[in-house]
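Architecture at a glance
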Amino acid sequence: MSRKDRKRVNPIEESRKWSEKNIDPPGFNISLFENKGRGVRTTVCRNAGDFLDLCVDASEEDGRLGRLVNHGSKKEINCKMKLIGEVLCLFGTRDIHEGEELLYDYGLKSYPWNSKTNHLPLRDHSVCPISLLHLLT
Ligand SMILES: C[S@@+](CC[C@H](N)C(=O)[O-])C[C@H]1O[C@@H](n2cnc3c(N)ncnc32)[C@H](O)[C@@H]1O
């Protein structure tokens, strides 16, 4: 479905609806990315401001997709995490193409995977965005 054909829904209402259901909305899949591990792609195009996904607890594997959204920097960023009630939700910050990976800024200044001296395996790059809760707006 093209961007224009989609009925515009209120993103906050949409996020509340899906957090009440406690399941992920449709239209996403998990992909493997080199040096990043798993990540989440949208399978449909999205509008800036759209509610995208829920991330209830990033510290544990809970089967939810929001837990698998990777960090992006600068122009890569296409979504933002916000606290809606007691639930962390992802919203688009720009139009997102079908098949694009969802990426948001975890909010730190440096990351182990960017360090030239870091040779830890992926599983040891334990950056947990939920620890940044106080930074969320
Ligand atoms: C919340 S998890 C995201 C899902 C993770 N890729 C996985 O497969 O479970 C955060 C972890 O993903 C990896 N990660 C996230 N963004 C990354 C990036 N831009 N480059 C490399 N690794 C990244 C790091 O290992 C980080 O500790």
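The name given to the protein in an unreviewed UniProt entry is SET domain-containing protein, with Magallana gigas as the source organism.

A few words on the nonpolar core. Counting 16 residues, the largest nonpolar core has Val40, Leu52, Leu90, Leu102 and Tyr104 as the members making the most contacts within it. Breaking this core down by element, the ones donating at least two residues are β3 (51–55), β5 (79–84) and β6 (87–92). Look past the residues within four positions of Val40 in its chain and what remains in contact with it is Phe28, Asn29, Phe33, Asp53, Leu65, Leu68, Val69, Glu100, Glu101 and Leu102. The next biggest cluster of nonpolar side chains, apart from the first, holds 7 residues, and it includes Ile84, Val87, Cys89 and Phe91.

Along the chain, Leu103 falls in strand β7 (residues 103–104). For Leu103, a relative accessible area of 7% puts it in the buried group. For Leu103 and Gly92, which are 11 residues apart along the polypeptide, the C-alpha to C-alpha distance reads 9.6 Å.

This part covers the side chain of His71. Residue position: His71 is located in strand β4 (residues 70–71). Engagement of the side chain of His71 in a polar contact is seen with the backbone nitrogen of Tyr106, the distance being 3.0 Å. A polar contact is formed between the side chain of His71 and the side chain of Tyr111, at a distance of 3.5 Å. Excluding anything up to four places from it in sequence, His71 contacts Leu103, Tyr104, Asp105, Tyr106, Tyr111 and Trp113.

In this model, Asn22 sits at a positive phi of 60°, which is unusual for a non-glycine residue. Positioned with a positive phi, Lys74 is a non-glycine residue whose angle comes to about 45°.

Conventions we followed
- Residues numbered from 1 in each chain as written.
- Predicted model: local features only at pLDDT ≥ 70, side-chain atom pairs only at ≥ 80, totals over all residues.
- Heavy atoms only, no water.
- Core = buried A, V, L, I, M, F, W, Y, C linked by side-chain atoms within 4.5 Å.
- Buried < 20%, exposed > 50% of the residue type's maximum accessible area, 1.4 Å probe, protein only.
- Helix = DSSP H or I, 4+ residues; strand = E, 2+ residues; numbered from the N terminus.
- Contact = heavy atoms within 4.5 Å.
- Polar contact = N/O pair within 3.5 Å; in protein donor to acceptor, adjacent residues only side chain to side chain.

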